[in-house]
Amino acid sequence: MSLTFHWFLPTNGDSRHVVGGGHGTPATETGRDRPPTVGYLSQIARAAEDLGFVGALTPTGAWCEDAWLTTAMVSQRTERLKFLVAFRPGFVSPTLAAQMASTFQRQTGGRLLLNVVTGGESQEQRAYGDFLDKDARYRRTGEFLQVVRELWAGKSVDLHGEHLQVEDARLARVPDPVPQVYFGGSSPIAGEVAARHADVYLTWGEPPAQVAEKIAWIRTLAAREGRTLRFGIRLHVITRDTSKQAWAEADRLLAGFDAETVAAVQAGLARSESEGQRRMLALHGCGSREGLEIHPNLWAGIGLVRGGAGTALVGSHDEVAERIQEYAALGIEEFVLSGYPHLEEAYWFGEGVLPRLQARGLWQHPSGRPAAPAAQVPFTGAGRP
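The rules behind these values
Residues numbered from 1 in each chain as written. Predicted model: local features only at pLDDT ≥ 70, side-chain atom pairs only at ≥ 80, totals over all residues. Heavy atoms only, no water. Helix = DSSP H or I, 4+ residues; strand = E, 2+ residues; numbered from the N terminus. Rg over C-alpha atoms; globule rule 2.2 N^0.38 Å. Buried < 20%, exposed > 50% of the residue type's maximum accessible area, 1.4 Å probe, protein only. Contact = heavy atoms within 4.5 Å. Areas by Shrake-Rupley, 256 points an atom, 1.4 Å probe, with all protein chains shown as cover. Lys, Arg positive; Asp, Glu negative; His and termini not counted. Charge placed at Lys NZ, Arg CZ, Asp CG, Glu CD. Axes fitted to C-alpha atoms, helices over the stretch in contact; angles between N-to-C directions. Parallel < 35°, antiparallel > 145°, perpendicular 65-115°, else oblique. Left-handed = near helix turned anticlockwise from the far one by under 90°. Nonpolar A, V, L, I, M, F, W, Y, C, P; charged D, E, K, R; others polar. Expected span 1.5 Å × (residues − 1). Arc of directions from axis to C-beta. Salt bridge = Lys/Arg side-chain N within 4 Å of Asp/Glu carboxyl O.

## Thoughts on the overall build of the protein chain
Argument step 1. The number of helices and strands found in the protein chain is 13 helices and 13 strands.
Argument step 2. Here the C-alpha radius of gyration of the protein chain, 20 Å, is about what a compact globule of 385 residues would show, namely 21 Å.
Argument step 3. Within the protein chain, the proportion of its 385 residues that are buried is 58%.
Argument step 4. Within the protein chain, contacts between residues separated by at least 24 positions form 73% of all contacts whose residues are at least 6 apart in sequence.
Argument step 5. Summed over all atoms, the accessible surface of the protein chain reaches about 15700 Å², with 50% contributed by carbon and sulfur.
Argument step 6. Separation of charge centres in the protein chain, based on 39 positive and 43 negative side chains, amounts to 3 Å.

See below:
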């Protein structure tokens with residue numbers, strides 16, 4: 001078995017500090033340290049491609065650049081890397097989305113993955129002209145994916161659903177390969193949609209016991225539909241040659257969170273309708289700086305100033321590899337990772353952790369080439385032996 005690793009394209013800006021934003025909160029000022037230009041994002045993408053990441057996630061929302069447009073441009077500066085494009089079904093018709101995906105596949109040589117985001121915040125959805133409540137949005141997502149799946153299969157589609165209607169919809173050319181659909185959500189209706197339509201169920205980085213519960217829940221729902229899914233997890237990483245160095249970096253990031261920013265972000269996130277966001281907030285006590293290591297090497301500090309994924313694996317390369325192996329033992333096959341800043345952290349993980357996972361028989365480079373041997377000489381600074 002080879003685990004799959006994806007990186008992250010910070011289309012909301014990058015920094016040596018944590019860039020906040022998401023779930024109804026705006027991107028923080030630190031996002032202006034490194035603007036999300038095509039040139040900079042392409043640097044990150046090429047590094048991820050070379051290090052052995054399979055794909056790169058791009059977020060969606062008012063707080064970041066558009067994922068479809070950005071990845072289409074960055075794809076032209078890369079060769080192998082796939083793009084896990086986050087998009088919201090309520091903003092475009094299912095027929096147009098199916099056509100866009102088909103075009104993306106042909107123009108990139110089959111490098112599109114789709115992260116379907118229903119949208120957890122009604123206030124933000126209304127800004128885009130979407131006035132459905134949360135449960136209705138999930139029901140619409142189910143109808144949307146039904147249409148898209150049938151179009152990708154080359155069928156002519158008629159649907160007169162609760163929220164969507166199409167007549168005699170068809171694609172002139174179907175995508176080859178058909179994009180894999182990634183989907184997350186912690187509410188009961190989200191689980192139902194995932195079980196029926198997703199290829200990969202994504203969870204945010206909760207402690208292993210809670211992740212195991214989620215996997216069991218989705219497996220049961222999928223079995224009722226006669227389906228099986230793969231499972232992935234979304235985490236940040238801070239990995240260094242020694243545990244002391246990694247935790248020093250976590251402490252440095254934490255020191256950059258001023259009390260006013262934390263309070264403002266937490267107040268905004270407390271209004272979130274997302275069940276997953278509620279679970280993230282509970283991990284750090286809704287803004288507390290105490291007890292942030294919620295499981296060995298699992299740190300909830302990122303969630304103090306960032307919506308969505310709020311936990312990080314922190315430790316030496318060996319410790320982070322052990323935690324990844326722990327999640328893999330639960331059934332997690334795909335890891336969607338990020339770190340601040342994203343260019344440097346891609347190298348820390350790619351040169352520090354991936355060779356150790358390869359040595360354990362848990363990973364191999366997508367190109368088939370051997371990973372670079374794990375560095376034996378400690379580093380005192382980025383890139384300086």
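Next comes the rest of the account.
## Section: the side chain of T58
Argument step 1. Among the secondary structure elements, T58 is positioned in strand β2 (residues 55–58).
Argument step 2. Those residues in contact with T58 that lie beyond four places of it in its chain are L9, T11, A67, T71, L84, V85 and A86.

## Some details on the packing of helix α3 (residues 94–108) against helix α5 (residues 134–152)
Argument step 1. Where α3 meets α5, the axes come as close as 9 Å, and the angle between the chain directions of the two elements is 45°. As far as their axial angle goes, α5 and α3 are oblique. For the pair α3 and α5, the crossing hand works out as right-handed. Where α3 approaches α5, its residues P94, T95, A97, A98 and A101 are matched on the opposing element by F144, V147, V148, L151 and W152.
Argument step 2. When its residues are assigned to classes, the contact of α3 with α5 shows nine nonpolar, one polar and no charged.

## Regarding α3
Argument step 1. In this model, α3 (15 residues) spans 21 Å end to end at C-alpha, consistent with the 21 Å of a helix rising 1.5 Å per residue.
Argument step 2. Among all positions in α3, only P94, A97, A98, A101, S102, F104, Q105 and T108 are buried. With its buried residues spanning 160° around the axis, α3 presents them on a single face.
Argument step 3. Each element contacted by the buried residues of α3 is listed here: α2 (67–75), β3 (82–87), β4 (112–116), α5 and β6 (165–169).
Argument step 4. In the segment just after α3, G109 is the residue with positive phi, at about 75°.

## Overview of the pattern of salt bridges
Argument step 1. In this structure the tally under the stated criterion is 17 salt bridges.
Argument step 2. Of the charged contacts in the structure, one is a salt bridge between D199 and R149, with a shortest N-O distance of 3.0 Å. Note that D199 is positioned in the loop between α6 (188–197) and β8 (200–204) and R149 in helix α5, a separation of 50 residues in sequence.
Argument step 3. Exposure remark for D199: the relative accessible area of 15% places this residue in the buried category.
Argument step 4. For E326, the salt bridge identified is with R323, shortest N-O distance 2.8 Å. In this pair, E326 and R323 are both assigned in helix α11 (residues 317–330), three residues apart and thus about one turn of the helix distant.

## Some thoughts on the environment of L298
Argument step 1. With respect to the secondary-structure elements, L298 resides in strand β11 (residues 298–299).
Argument step 2. Residue classification places L298 among the buried positions, given a relative accessible area of 0%.
Argument step 3. For the pair L298 and V314, spaced 16 residues apart in sequence, the C-alpha to C-alpha distance is 6.2 Å.
Argument step 4. Here L298 is in contact with G205, E206, P207, L235, L292, E293, T311, A312, L313 and Y327, once residues within four sequence places are set aside.

## Brief notes about unusual backbone geometry
Argument step 1. Cis geometry marks the peptide bond from D176 to P177; its omega dihedral reads 0°.
Argument step 2. Across the junction of Y340 and P341, the peptide omega takes the value -15°, indicating a cis bond.
Argument step 3. At D168, a residue that is not glycine, the phi angle is positive and equals roughly 50°.
Argument step 4. When you line up the elements, D168 lands in strand β6.
Argument step 5. D168 gets classed as partly exposed once you look at its relative accessible area, which sits at 45%.
Argument step 6. Of note, the phi angle at N297 is positive, near 70°, even though the residue is not glycine.
Argument step 7. Summarising the element assignment, N297 is placed in the loop between β10 (293–295) and β11.
Argument step 8. By relative accessible area, which is 6% here, N297 ends up buried.

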